[in-house]
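Structural overview
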Amino acid sequence: SIFVLLLQTRHLRLILPENFGKMVRVIFVSNRLPVTVNPDKEPPNDVQQSSGGLVSALKSVVKDYDEVLWVGWPGAYCKDEAAMTKRLHESNASIQMHPVWLDKDDVEDFYNGFSNSSLWPLLHWMTPYARFKKSWFESYRKVNMKFAEIILQVAKPGDIIWVHDYHLFMVPMMVRNLVDEKYGAPDSSPRRPKDLPPLDSDAITTQGNTGKKLNFAPTSRSEAAAWQNLKIGFFLHTPFPSWEIISTHPNCVDIVQGMLGADLIGFHTYNYLRHYRSCVIRLCGFTPEMDMVQYLGRRTRLGVYPIGANCTDILNNMKTDSFKEHLKNYAEEFQGKSLVLSVERLDYSKGMPHKLEAIERYLEEAEKAQKQRKQRQDEGFQDEDRQARLEKLKARFEACWKEKSERHNFGFRTAMTAFWNKAKELVLDQEEELDHTKTVFLFIAVPSRQTVQEYKAIEEEVHMKVSTINGRFGTVNHTPIVYIHRGIPGEELAALYARADCCLVTPLVDGMNLVAKEFLVAKDREVEHVVPGTVVLSEFAGATQEMFDALVINPYDVDATADAIHLGLELTKGDRVDKHLRWEVSERMRHVVLANDAVWWAAA
């Protein structure tokens, strides 16, 4: 929106240092380095480059800075940390790697414990899954302090420090406090009401300090002032919940206050920004402006920056021979069938049990329609009740359109009315019906956090439900759900995106969900065997704010999800709708995704 664009432009000027255009250094800080080390292997196989949207996005802007550093955990334990640190420094010419070494207890309590068993559930509104232990928080604070100290060991005055995600909520304020302890805090006038208890500032300053000596020392008053002007940005890749949810965490004030050390805090959507602002008011006692918090003499700006898909990697994968071979095979294998694709980690926030229930409902309706059609043919009747079925289909269109129009603004409703009216007419005018019993649902469910009990439980539930549906609706020649319990290579995934008629993205809550965007990147009509496709998208995914042409549903509404799958296939499958119109929705959404990809996000 125009409001978001103005916020972005305004905030870019605020976080850039005064010497921008001269010597500019940036320090990326994330839980993991963009590499994984294996100390048991010999160079160069001991350091492997990592993949992923964040890594690709940040690497894409390396050329925009004179010097780039990256601070994070290398993903392994190492006996000779000094030697491996030196090896990491030599492994990449364009990015200086600075590892934060953690032991097994740190990883268990900081990562598996506090980050993923306390914070992750609450950030996704899943309070029943949240667990708390005091030892987890102590480890989280200690690890965040390790990160802060490593940052200041390598930082210089005027650097830009960009911290990422919920694993490091306390790092921005810890960096500020370490600088303040060395050079003195700026003039501050805390506006916290006297009747509220004091903030536990010790939790973010002295406690957890590892005692390592920092390598910066002021030589003049001007240098001390330069250290105070370190520019810190923080981006949250998950949702941020309402005050009622986050306040259930015993350390909620530390979480909210820790982020305020940043000059700029970025969120995927305005809703998440609004929730955070509400938490500042309720938990810290301040009344911030709409997009700014004044705290201890500093201003923290709040901005909306929806992350984009890693379009470059997908487009490059589509140029490979492996992609072309896979796509040709899929085109032959699914000839005459509808293909609905679902790609996600096996996580309770993704709503897979709800999705499977909607698929079961869809297949029930498809089976019922097939039996009625067969009965009419056997009895020699003409299709006399076709009008009744068309009226039912029309009602589905009307309900879906009503749902979409109520969720979006006037401009969106005006732009989409012509398309939906024309699509409805074309679908309803067709004599031949699409056989929905031939639909194949392809699940790629990537295992996730298998040592956590809650994830084991959801995995068992999903496996049992998939078996039940296949046993009920499957035949010798057709299996309705193809379930792959692992990740697949990028070329193969891109080929599935290109061939699928519909992408089913129905998380119960998700910060963004890039699968919906990646699906559209692969919809290049100039490539042979690529077919148009539509997206059935949860209203609780951040991507909904950008993908106006998607079929937006409430994932808890099983009937609505089943209807959306039905309509999505009616609009995009076969020759039931004019070819140009079938591609219209896919191409319109694809254009937006390509224009606002991960590279654009990182640069912003």
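Check the entry above for the structure.
What you see is a predicted model, and the numbers here were worked out from it, not measured in a lab. (Residues numbered from 1 in each chain as written. Predicted model: local features only at pLDDT ≥ 70, side-chain atom pairs only at ≥ 80, totals over all residues. Heavy atoms only, no water.)

1. A few points about the packing of helix H12 (residues 321-333) against helix H17 (residues 490-499)
- One can describe the packing of H12 onto H17 by two numbers: an axis separation of 8 Å at closest approach and a directional angle of 40°. Taken together, H12 and H17 sit at an angle that is classed as oblique. Crossing hand, H12 versus H17: right-handed. When H12 is examined against H17, the residues Ser322, Phe323, His326, Leu327, Tyr330 and Ala331 are found in contact with a partner set consisting of Glu491, Glu492, Ala494, Ala495, Leu496, Ala498 and Arg499.
- Grouping the constituent residues of the contact of H12 with H17 by class yields eight nonpolar, two polar and three charged. (Axes fitted to C-alpha atoms, helices over the stretch in contact; angles between N-to-C directions. Helix = DSSP H or I, 4+ residues; strand = E, 2+ residues; numbered from the N terminus. Parallel < 35°, antiparallel > 145°, perpendicular 65-115°, else oblique. Left-handed = near helix turned anticlockwise from the far one by under 90°. Contact = heavy atoms within 4.5 Å. Nonpolar A, V, L, I, M, F, W, Y, C, P; charged D, E, K, R; others polar.)

2. A closer look at the pattern of salt bridges
- Under the criterion given, the structure shown has 23 salt bridges.
- Here Glu454 and Arg131 are joined by a salt bridge, their closest N and O atoms 3.4 Å apart. Of this pair, Glu454 sits in helix H16 (residues 453-473) while Arg131 sits in the loop between helix H4 (104-123) and helix H5 (134-154), and the two are 323 residues apart along the sequence.
- When its relative accessible area of 34% is taken as the criterion, Arg131 is described as partly exposed.
- Among the ionic pairs, Lys368 bridges to Glu365, the shortest N-O distance being 3.7 Å. In this pair, Lys368 and Glu365 both sit in helix H13 (residues 352-378), three residues apart, roughly one turn of the helix.
- Its relative accessible area of 26% is what places Glu365 among the partly exposed residues.
- What you see here is one network of salt bridges that share partners, running through Glu360, Arg361, Glu364, Lys465, Arg472 and Asp559. (Salt bridge = Lys/Arg side-chain N within 4 Å of Asp/Glu carboxyl O. Buried < 20%, exposed > 50% of the residue type's maximum accessible area, 1.4 Å probe, protein only.)

3. As for H4
- With 20 residues, H4 should reach 28 Å at 1.5 Å per residue; the first-to-last C-alpha distance of 25 Å falls well below that figure.
- In the structure, H4 departs most strongly from a straight axis at Ser115, where the bend amounts to approximately 35°.
- The element H4 is extensively covered by neighbouring structure, given that 15 of its 20 residues are classed as buried.
- Where H4 begins, one side-chain oxygen reaches toward the backbone nitrogen of Asp105, 3.1 Å away; that side chain belongs to Asp103.
- In the stretch just after H4, Trp125 is the one whose phi turns positive, near 65°. (Expected span 1.5 Å × (residues − 1). Bend = angle between axes of the 7 residues up to and from the residue. Polar contact = N/O pair within 3.5 Å; in protein donor to acceptor, adjacent residues only side chain to side chain.)

4. Comments concerning the state of the cysteines
- For the coordinates displayed, the defined rule picks out zero disulfides.
- Cys279 provides the cysteine sulfur closest to Cys284, a residue in no disulfide bond, and the two sulfurs are 8.7 Å apart.
- Summary of cysteine pairing: Cys503 is not part of a disulfide, and the nearest cysteine sulfur, belonging to Cys502, is at 7.1 Å. (Disulfide = S-S within 2.5 Å.)

5. Quick word on the packing of H4 against H5
- Running from N to C, H4 and H5 point in directions that differ by 110°, and their axes come no closer than 8 Å. Taken together, the axis directions place H4 and H5 in an arrangement best described as roughly perpendicular. In this structure, H4 meets H5 at a crossing whose hand is left-handed. The residues of H5 that touch H4, namely those facing Asp105, Asp106, Asp109, Phe110, Gly113, Phe114, Ser115, Ser117, Ser118 and Leu119, are Ser135, Trp136, Phe137, Ser139, Tyr140, Lys142, Val143, Asn144 and Lys146.
- Its residues assigned to classes, the contact of H4 with H5 comprises seven nonpolar, seven polar and five charged.

6. Focus: the pairing of strand S11 (residues 338-345)
- Burial runs high along S11: seven of the eight residues are buried.
- Direction of pairing for S11 relative to strand S12 (residues 439-446): parallel, over a ladder of eight bridges. Residue pairing in the sheet places Arg345 in a bridge with Val446 of S12.
- Pairing geometry for S11 and strand S14 (residues 502-505), over two bridges, is parallel. Within the sheet, the bridge partner assigned to Leu341 lies in S14 and is Cys503. (Pairing = 2+ DSSP bridges.)

On their own, these measurements won't tell you what the molecule is for.
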